[in-house]
Amino acid sequence: MAQFNLYQEEYHPSPIMHIWLEFKRSHFALVGFAVLLLFCVITILAPLLAPYDPNVQNTNAILLPPAWEGNGTIAHLFGTNALGQDVFSRTLHACRITFGSSVILVFIALVVGVALGTLAGMNRGVKSSILNHLLDSLMAVPTLLIAIIIVAILGTGLANSMLAIILALIPQFVHQTRNFVREEMKKDYILLDRLDGASSFRIFWKSILPGMFELLAVQSTLALSVAIIDISALGFLNLGAQSPVVELGASLSQSLEVAYSAPWLIALPGFCIFLMVLSINIVGEGLRSALRNRLIH
Amino acid sequence: MPLLDIKNLTVEIDTGNEFVKALDKVSITVEAGEIRALVGESGSGKSLIVRAIIGAVPDHWIITADRMTWKGQNLLTMSNEQRRVIMRREIAVVFQDPTSSLDPSATLREQLEESIPSEFLDKGMFWQRNKQRREIAIGLMHKVGIKDHDSCMQRYPHEIASDIAQKFMIAMALVSEPEILIADDPTRSMESTTKNQILRLLSALNESKKLAILFVSHDLLAISSMADSMTVLYCGQTVESGKVKHLHRRPLHPYTKALLDSAPSFQINLPPKSHLVSLEGTIPTLQHLPIGCRLGPRCPSARKECVKVPEERFIQQHAYSCHFPLHLPTGNDKSSDDTEDFNLGSSEGSRQ
Amino acid sequence: MINLLLRYINLMVITIAVLVVISFALPYFFPGDTLTNLSGIVPESDAQRAALEAAYKLDGSVFAQFWHYLNTLVNGNWGVSFTSQTSLLKEVSIAFPATIELITYALLISVIFGIPLGFLGGLWHHKPFDFGVVTFSVVSYSFPVFWLALIFITIFSLQLGFLPLSGRVNLLYDVPHQTGFILLDILRADMPNKADAFYDAIQHIILPTLSIAFVTTAIFVRFTRRSIMDVMEKGYIDAAKSRGFTTKQIFFKHGLRNALLPILPLMAMQISTLITNAMVVETIFSWPGIGNWLIQAIYQRDYPAIRIGMLVVSMFVVSLTITIEFLSRAIDPARDKFERGAV
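Residues numbered from 1 in each chain as written. Chains lettered and ligands numbered in written order. Predicted model: local features only at pLDDT ≥ 70, side-chain atom pairs only at ≥ 80, totals over all residues.

- Looking at an unreviewed UniProt entry, one finds chain A named ABC transporter permease subunit, with Brumicola blandensis as its source organism.

Structure below.
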């Protein structure tokens, strides 16, 4: 960044630009970001990228090993599974389902959680206290338990497992938002808004929400990694996505039967989940330290 | 030999993009038993000097100095262990903000008793030692003027008022019977009555125990009432240092003069409703320090020579860094001139 | 202090009440016959149906049913499992200790390794060791626990053959059920080949425990590292340094306590993650714990079992979390009043 500056002009990047400048100082964070972008691209373009329909069964090629093994073919890059389906295409589609649904459910949980958290944070008295304490302690109920109950009531399926994870994620957002809103409400700039006659909604929308974006971004990356792991865990336990929907956890558990003869069928979906979560965590970590450094400098 | 002797201390700090000389060739000495004041506006690097002395500067900041010694031992090159031993017994520090300098999860008693060096206890059994610790602690609390030691010592730092906390910090600093007390703006944001108590406490300690004090502050009134000598800092450069009465009578540096003029209590013949004097402009930010004399852009008597850093010059004990000092003809016949000045100064200074 | 205790007891009671109400309502939402969902018995005749309905007060008001439900809960008369027709209380009392045993060991490992690692990483910030610690924590936090368990099985059970694939102890050893903790039971049992059985049980427990402990350790490392880094930048640490204390003294007397206090409740929150992971891992290793039991129950649509299992597990987690939160609040003198290291 050796730029020649004739004038000692000060460069004040905008907050978001500043975060980006701090963020890209870490090479790990950049690599993680690139991988995350790759998964985004896969999520959007999976049907175009996949060479085969993920559910078409090619009975002539069953349990083909990946292309780099001796008897694999380049036609099936990652080989085929026990039903003769192309693993590469299935993995792309599975990534799409897992990642896409996680993003959607985190977004829903975010919106609901922020709304509830703001209500809890801006209100006082019995209503808010009940909401707070109940949500705080219900936060302790394990995700899988919620999922089991929802599946018991509504049956299995991707949408139901998403619902379960949304319910499990909401309390975290509520908790964070409430604490943040409560802290901000004590500050003088909110009092000034009040004195100027701003309504509660305006205070929230114009004064509190803009300051909350960073918190929410960090919290969302955390929630996203949890969501991906949970949704694939539910898929793995056969409580989530059901065939013909291809999902990483589900395809992992389907491969268990042939684990001896085709270990790559276990390695691949698991590695995809791992990579996805890892990249999200690295980005989250980079984001957090970028935010921290921005405050220092 | 002075207790603390710092010559041309330069500290370069990391602003994220580049290293900036936050302190540029600062010199300061503290003799045994004197109260030396370190004056400067906020951001002039006062606290940084303190941190450099006690070694609490981040490792990657660059500290260089021609001389930075404690009783002849080099503070820059000594090992952490050596420095720790010195800090333990000989140097004590009182920080700006007393409540954040106390561990929030321990009672005051625990913290005070922890600070008592074990050499102070007789070789008794452990339960006797506890009693001894308690007695020493109570004695210290009384010494700094906290009367109800019982109720105070059981409390946690967030439960006591900040002036009590500051007295307590002084008690903790005194526990090891140090030779110098470095007080980093101990009266910041205090009411004037409590401030006076603290100042009186410090002066009394100085007189009764011959405790040297490095008093860091921007409060000229406090300094003039207690300090023997002072060093004025501007933007990380020492501009002037000497006896307080000399500086008051005849400030040589334009900044010192501006500083003194800005405090109305020092101007005896200030007509009513007249404008208070102040320098034009503002303190430059760390990223945009001017070259040469850092006061340059704001200095009323700046000339083009001022883009060079002025060397430190001495007139007896009075040091100043200015190309064009006030009250002094820049001509040749310096020495006769300033002896006269200072004779005058000292005779009048006795009025204070 | 009394005030605080009352507040937390109040919170605990309310939360448990909510959980009980939810579990009471569940059978009415589950698909199928409400009576069967309640009792676990498919009535074969009208007479039996009438008797069951009377027993469960289905003819009475909702409040009567709820009162009856509370009574059965307290009496331990939890009904029977839909599939095995055995008492749910008995099944839970066998399965739940197995899970608790598993998470106890996992938690111990996480605390023993995670907290010191986090502290060292935070203290030696920006050094290679810290880099290693952070890498370890981010990577192992990213492992899906079921995949990790499968990898462990592939490596240690299938490839190397070191450790057994599934179960709690070899069926050869007949361990009487006492505490429910297999290791304790073996130690207390009067068996001929105690040492062998103990060794065998340890071998069985290693892989499931490690799979769970990995993620939790990573979380603990993160918490402690961040917290100690924040604390070490605080004014009182500088003040302690300026007083000439040794590094050891500073860390143990001032750093440790202030760093641990705020993260204690956060760690308590991890019990929920721990249980979720334990449930998944149990199914993989066929560990006869509550997770495995619940998952089997959901496969078989065993609604009475799901209801009781949900109530027991969530009550356990919630009461544990609230207790730890209360304790950490009680021993922390300056909570809410003073800024301290946060994550």
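We are not done yet, so read on.
1. Here we look at the interface of chain B and chain C
Here is step 1: In this assembly, 19 residues from chain B lie in contact with 21 residues from chain C.
Here is step 2: Taken together, the elements giving at least two residues each to the side of chain B that touches chain C come down to α2 (80-89) and α3 (108-115) of chain B.
Here is step 3: No other element matches the four residues that α2 of chain B contributes to the side of chain B that touches chain C.
Here is step 4: Of the residues assigned to the side of chain B that touches chain C, the class counts are nine nonpolar, five polar and five charged. (Contact = placed C-beta atoms within 7 Å. Helix = DSSP H or I, 4+ residues; strand = E, 2+ residues; numbered from the N terminus. Nonpolar A, V, L, I, M, F, W, Y, C, P; charged D, E, K, R; others polar.)

2. Considering the sheet that holds strand β7 (residues 91-94) of chain B
Think of a sheet as strands paired side by side through backbone hydrogen bonds, with each pair either parallel or antiparallel.
Residue and element names in this part refer to chain B.
Here is step 1: Pairing within the open sheet is mixed, and its eight strands lie in the order β7-β8-β9-β3-β10-β11-β13-β12. Unpaired on one side and paired on the other, β7 and β12 (313-315) mark the two borders of the sheet. The sheet shows a mean angle of 15° between the axes of neighbouring strands, taken without regard to direction.
Here is step 2: In terms of strand pairing, strand β11 (residues 237-243) meets strand β13 (residues 318-320) through two bridges, oriented antiparallel. (Pairing = 2+ DSSP bridges. Axes fitted to C-alpha atoms, helices over the stretch in contact; angles between N-to-C directions.)

3. Examining the nonpolar core
Here is step 1: Counting 244 residues, the largest nonpolar core has Ile148 and Leu169 of chain A as its most contacted members.
Here is step 2: Broken down by element, this core gets its largest block of residues, 17 residues, from helix α11 (residues 247-285) of chain C.
Here is step 3: Inspection of this core shows a minimum of three residues originating in each of domain 1 (106-176) and domain 2 (255-347) of chain B.
Here is step 4: If we ignore the near neighbours within four places in the chain, the residues touching Leu169 of chain A are Val106, Ala109, Ala223, Val226 and Ala227 of chain A.
Here is step 5: By size, the runner-up hydrophobic cluster in this structure holds six residues, among which are Val169, Ile186, Ala197 and Ala201 of chain C. (Core = buried A, V, L, I, M, F, W, Y, C linked by C-beta atoms within 7 Å. Buried ≥ 20, exposed ≤ 12 C-beta atoms within 10 Å, placed from the backbone. Domains from an automatic or database assignment.)

4. Comments concerning the packing of helix α3 (residues 87-122) of chain A against helix α8 (residues 200-236) of chain A
All names here are of chain A.
Here is step 1: As a packed pair, α3 and α8 sit with axes 8 Å apart at the nearest point and diverge in direction by 140°. Taken as axis vectors, α3 and α8 run oblique relative to one another. Pair α3 / α8 crosses with right-handed handedness. Listed contacts from α8 to Thr98, Phe99, Ser101, Ser102, Val103, Leu105, Val106, Ala109, Leu110, Val114, Thr118 and Met122 of α3 are Ser200, Phe204, Leu216, Ser220, Ala223, Leu224, Ala227, Ile228, Ile231 and Ser232.
Here is step 2: Tallied by class, the residues present in the contact of α3 with α8 amount to 15 nonpolar, seven polar and no charged. (Parallel < 35°, antiparallel > 145°, perpendicular 65-115°, else oblique. Left-handed = near helix turned anticlockwise from the far one by under 90°.)

5. Remarks on the UniProt feature "transmembrane region" (unreviewed entry) in chain A
Residues and elements named next belong to chain A.
Here is step 1: The UniProt record annotates "transmembrane region" (unreviewed entry) at residues 28-50, 97-122, 134-155, 215-241 and 261-284.
Here is step 2: As annotated, residues 28-50 comprises 96% helix and 0% strand, and the C-alpha atoms at either end are separated by 29 Å.
Here is step 3: Spanning residues 97-122, this segment combines 100% helix with 0% strand, and its end C-alpha atoms are found 37 Å apart. (UniProt positions renumbered as here; feature names shortened; annotations may be inferred.)

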